[in-house]
Amino acid sequence: MIEYTTKALSRAGFSGLKNLIHNYYECKAKPLVCKSWPATVMSEPSGNCNLRCRMCVRSAINYRKQGDIDFDKWVKVMDNEFSFWHFHGFIGIGEPLYHKNFVDMIEYLDNRNIWKFLVTNSTLLTDNTIDGLITYNLNRIFLSVDAATKKTLEKIRGGLHYESTMSKIQNLVEQVKKRNSKLEIILQSVCLKENALELPELINLAYKLGIKEVRFQDIELKFDVGWSTKEHSLRGNRNYFQKYIDESIKRAKKFGIDLKLYNMNDYTDIRKNCFAPWNQVYIRWNGLITPCCTTLIDKTYFYGNIFEEHFKDMWNNKKAQKFRALARSNKQPEQCKNCSCL
């Protein structure tokens, strides 16, 4: 908290710190109309991706209508619309590193002293990109690796080349160590019936690569497409999965790896602990604003378009208030019930 307080002061003085504190308390009170501004902004640099993952919601959208965010427009929006935020994440339907100006985005945020994270499939971690991530102080990177063996990983993530990807991850770890970077590297895996056997081996892989944190999460059931179905999920096969989860926990303790488990509750559980509608906002590549990265496809929850409207006019509009009402009720959208962040 001390680090965040210092950044808030350096970012926007006492007004920034005041907003951060106010936002914290509004996340607890959950009003329909917020008087504070969101502390977190997330962006989707690209709606395009170089892989075809079997459990990805991209199977339910039109690939041809996806594109890359306009870098100049993005910078203008960050300059003029978001003077209050302290944390920024890059995540989406597409691969963030697919955007040609991604390192420029990291540099921009670094110049504004923003805490930043990235979720990537790891395949586009070139030497130049790694250099940029370290030079411009990316704070945390999530590497999506869903299996320990070549056969299974390439089957899950279509288009991925196992040896090349592992080499790039190893290079990232080595460069972070060599340059004494504070970049946190996390190995992240989606739990599927098809990779359950290899979950313990992912702990071994992380240890071999020199990665100290691993996260397992169940798939999100958004559109019931591909492998994103209850049939393939951990929660739909809990008895089958449990022994592999237990073994993973044992190995993590043995190797000193911090293993975190997400989205392991039953599908019927109501998610009342979500703070997204109060403390964050998500920008799709085309400027559409959504409450978070889980609701980035269903137009029902779009607040508006940041390239066409001012954020101050969207943050408490009728759609935003309606979503907050749903988020704190027993009538949450199905996407919220299956969210992997809770």
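In this report, we go over the structure that sits alongside the text. All values derive from a computational prediction rather than experimental measurement. (Residues numbered from 1 in each chain as written. Predicted model: local features only at pLDDT ≥ 70, side-chain atom pairs only at ≥ 80, totals over all residues. Heavy atoms only, no water.)

### Overview of the sheet that holds strand S3 (residues 87–90)
Strand order in the open sheet formed by 10 strands is S9-S8-S7-S5-S4-S3-S1-S10-S11-S12, with mixed pairing between adjacent strands. With one partner strand each, in any of the chains shown, strand S9 (258–262) and strand S12 (304–305) form the two edges of the open sheet. Here four bridges tie strand S1 (residues 40–43) to S3, and the two strands are oriented parallel to one another. Looking at the pairing, Val 41 lines up with His 88 of S3. In the packing of helix H2 (residues 71–81) onto the sheet, contacts are made with S1, S3 and strand S10 (280–283), and the angle to S3 comes to roughly 160 degrees. (Pairing = 2+ DSSP bridges. Helix = DSSP H or I, 4+ residues; strand = E, 2+ residues; numbered from the N terminus. Contact = heavy atoms within 4.5 Å. Axes fitted to C-alpha atoms, helices over the stretch in contact; angles between N-to-C directions.)

### Some thoughts on the packing of aromatic side chains
Tallied over the full model, the rule gives 19 aromatic pairs. On the numbers, 6.3 Å between centres and 25 degrees between planes, the contact of Phe 71 with Trp 74 is stacked. Remark: Trp 74 and Phe 71 occur in helix H2; sequence separation between them is three residues, near one turn of the helix. Considered together, Phe 71 and Trp 74 belong to a single accessibility category, that of buried residues. Plain terms: the ring middles of Phe 82 and Trp 85 are 6.4 Å apart, the flat faces sit at 65 degrees to each other, and that makes the pair edge-to-face. When the ring centre of Trp 315 is taken as origin, the NZ or CZ atom of Arg 324, which lies over that ring, is 4.5 Å away. (Phe/Tyr/Trp six-rings, centres within 6.5 Å; stacked < 30°, edge-to-face > 60°. Buried < 20%, exposed > 50% of the residue type's maximum accessible area, 1.4 Å probe, protein only. Lys NZ or Arg CZ within 6 Å of the ring centre and 35° of its normal.)

### Structural notes on helix H10 (residues 318–327)
The set of residues buried in H10 consists of Ala 320, Phe 323, Arg 324, Leu 326 and Ala 327. For H10, the arc enclosing every buried residue in end-on projection is 160 degrees, short of the 170-degree limit, so these residues lie on one face. Turned more than 90 degrees from where H10 packs its buried face, Lys 318 and Lys 322 sit exposed. Of the residues flanking the start of H10, the one acting as N-cap is Asn 317, its side-chain oxygen 3.2 Å from the backbone nitrogen of Lys 319. (Arc of directions from axis to C-beta. Polar contact = N/O pair within 3.5 Å; in protein donor to acceptor, adjacent residues only side chain to side chain.)

### Comments concerning the pairing of S3
The side chains of a regular strand alternate, residue by residue, between the two faces of the sheet. Taking every second residue as pointing to the same face, both faces of S3 are buried, with Phe 87 and Gly 89 on one and His 88 and Phe 90 on the other. For S3 and strand S4 (residues 115–120), the ladder comprises four bridges, and the chain directions are parallel. From the neighbouring strand, His 88 faces S4, where its bridge partner is Lys 116. What joins S3 to S4 is helix H3 (residues 102–111), and the crossover it makes is right-handed. (Right-handed = clockwise from strand over helix to strand, strands pointing away.)

### As for unusual backbone geometry
A positive phi angle, close to 55 degrees, is found at Lys 30, a residue other than glycine. When you line up the elements, Lys 30 lands in the loop between helix H1 (2–29) and S1.

### Considerations on the environment of Lys 212
Along the polypeptide, Lys 212 turns up in the loop between helix H7 (199–209) and strand S8 (213–218). Overall, the relative accessible area of 66% leaves Lys 212 in the exposed class. For the pair formed by Lys 212 and Ile 186, sequence separation is 26 residues and the distance between their alpha carbons is 7.2 Å. Excluding residues within four positions of it along the chain, Lys 212 makes contact with Gly 256, Ile 257 and Asp 258.

### Notes on the packing of helix H6 (residues 162–178) against H7
The interhelical angle for the contact between H6 and H7, taken along N-to-C directions, is 50 degrees, at an axis separation of 10 Å. Judged on the interaxial angle alone, H7 and H6 are oblique. Residues Tyr 162, Met 166, Ile 169, Gln 170 and Val 173 of H6 pack against Leu 205, Lys 208 and Leu 209 of H7. For the contact of H6 with H7, the class distribution of residues is six nonpolar, one polar and one charged. (Parallel < 35°, antiparallel > 145°, perpendicular 65-115°, else oblique. Nonpolar A, V, L, I, M, F, W, Y, C, P; charged D, E, K, R; others polar.)

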